[in-house]
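So the chains spell out like this:
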Amino acid sequence: MGKPIVCWRCGAAVKPEQRPIRRLELCRSCQADLHVCRLCWSYNPRMTGYCDHDHAEPPLDRERANFCQYFSPRPGAYSPAGHDAEQGARKGLESLFGATPEEANAKESNTAGSETNSDRARAELEQLFNKPSQDDG
Ligand SMILES: [Zn+2]
């Protein structure tokens, strides 16, 4: 006997009458969707798209019922440690995405600085052009 099929979110056993898991099957304990990546053999937080399968196109939301034809429930899918690992991966992505706006802001401030310089140059040029007109008057 291997591990039982359990809810990926709360660890409650998936009842025999709930199997095979249909797309809209819910956990009897916490109402989590069961036909989800998190309960699938191919789920792998270390992979891009969190899916180990060669042909599956993983859905964006790995905790909502999916249409994946390759879905196959993985025994013992409930593991707080694995959840933590994914949280860490998300934080890493957030820090990556967070760096982009900061870089954009830095470029904007640089552009603003150069505009100020060009404004000064333009003002000096206008003063030069204004002098002859004053002489004419
Ligand atoms: Zn549950």
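Shown above is the structure to which this text applies.
Residues numbered from 1 in each chain as written. Predicted model: local features only at pLDDT ≥ 70, side-chain atom pairs only at ≥ 80, totals over all residues. Heavy atoms only, no water.

A. Structural context of unusual backbone geometry. The peptide bond linking Arg-19 to Pro-20 adopts the cis configuration, its omega dihedral lying at 0°. A positive phi is found at Gln-31, a non-glycine position, where the angle reads about 65°.

B. Spatial organisation of the coordination of the zinc ion. Only Cys-7 (SG), Cys-10 (SG), Cys-27 (SG) and Cys-30 (SG) from the protein coordinate the zinc ion, and they sit 2.3 Å from it. Each of the four donor atoms around the zinc ion contributes to a set of angles spanning 105 to 114°, which defines the coordination as tetrahedral. All donors to the zinc ion come from one chain, and their sequence spacing reads C-x2-C-x16-C-x2-C. Separated by 23 residues along the polypeptide, Cys-7 in the segment before α1 (80-136) and Cys-30 in the segment before α1 bring together distant segments of the chain. Relative accessible area serves as the criterion here: at 24%, Cys-30 is assigned to the partly exposed category. (Donors = N, O, S within 2.8 Å, 3.2 Å for Na, K, Ca; no water. Tetrahedral: all angles 85-135°; square planar, octahedral: opposite > 155°, others 65-115°. Helix = DSSP H or I, 4+ residues; strand = E, 2+ residues; numbered from the N terminus. Buried < 20%, exposed > 50% of the residue type's maximum accessible area, 1.4 Å probe, protein only.)

C. Structural view of empty space enclosed by the protein. According to the stated counting rule, one finds one cavity of 30 Å³ or more in the structure shown. Roughly 80 Å³ of volume is contained in the largest cavity. Lining the largest cavity are 14 residues, with Cys-37, Cys-40, Ser-42, Cys-51 and Cys-68 sitting closest to its centre. For the lining of the largest cavity, a count of residues per class yields eleven nonpolar, three polar and no charged. (1 Å grid on protein atoms, 1.4 Å probe; cavity = no way out; pocket = protein on both sides within 12 Å on 5 of 7 lines; lining within 4 Å. Points joined across faces, edges and corners; volume = space filled by probe spheres on them. Nonpolar A, V, L, I, M, F, W, Y, C, P; charged D, E, K, R; others polar.)

D. Seen up close, the nonpolar core. One finds Trp-8, Ile-21, Leu-34 and Leu-39 to be the most contacted residues of the largest nonpolar core, which totals 13 residues. If sequence neighbours within four positions are ignored, Trp-8 has contacts with Ala-32, Asp-33, Val-36, Arg-38, Leu-39, Glu-63, Ala-77 and Tyr-78. (Core = buried A, V, L, I, M, F, W, Y, C linked by side-chain atoms within 4.5 Å. Contact = heavy atoms within 4.5 Å.)

E. Looking closely at the packing of aromatic side chains. Evaluation of the coordinates by the stated rule reveals one aromatic pair. Between the aromatic rings of Tyr-43 and Tyr-50, the centroid separation amounts to 6.3 Å while the plane-to-plane angle is 10°, which identifies the pairing as stacked. Of the residues examined, Tyr-43 reaches a relative accessible area of 11% and is grouped as buried. On the accessibility criterion, Tyr-50 (9% relative accessible area) is buried. (Phe/Tyr/Trp six-rings, centres within 6.5 Å; stacked < 30°, edge-to-face > 60°.)

F. How the structure looks around a nonpolar patch on the surface. A cluster of nonpolar side chains, Leu-125, Leu-128 and Phe-129, forms an exposed patch at the surface whose accessible area comes to about 350 Å². Here Leu-128 is to be found in helix α1. What makes Leu-128 exposed here is its relative accessible area of 52%. (Patch = residues over 30% accessible without salt bridge, like charges linked within 9 Å, V, L, I, M, F, W, Y side chains within 5 Å. Areas by Shrake-Rupley, 256 points an atom, 1.4 Å probe, with all protein chains shown as cover. Salt bridge = Lys/Arg side-chain N within 4 Å of Asp/Glu carboxyl O.)

Everything listed here is a matter of geometry and, on its own, says nothing about what the molecule does.
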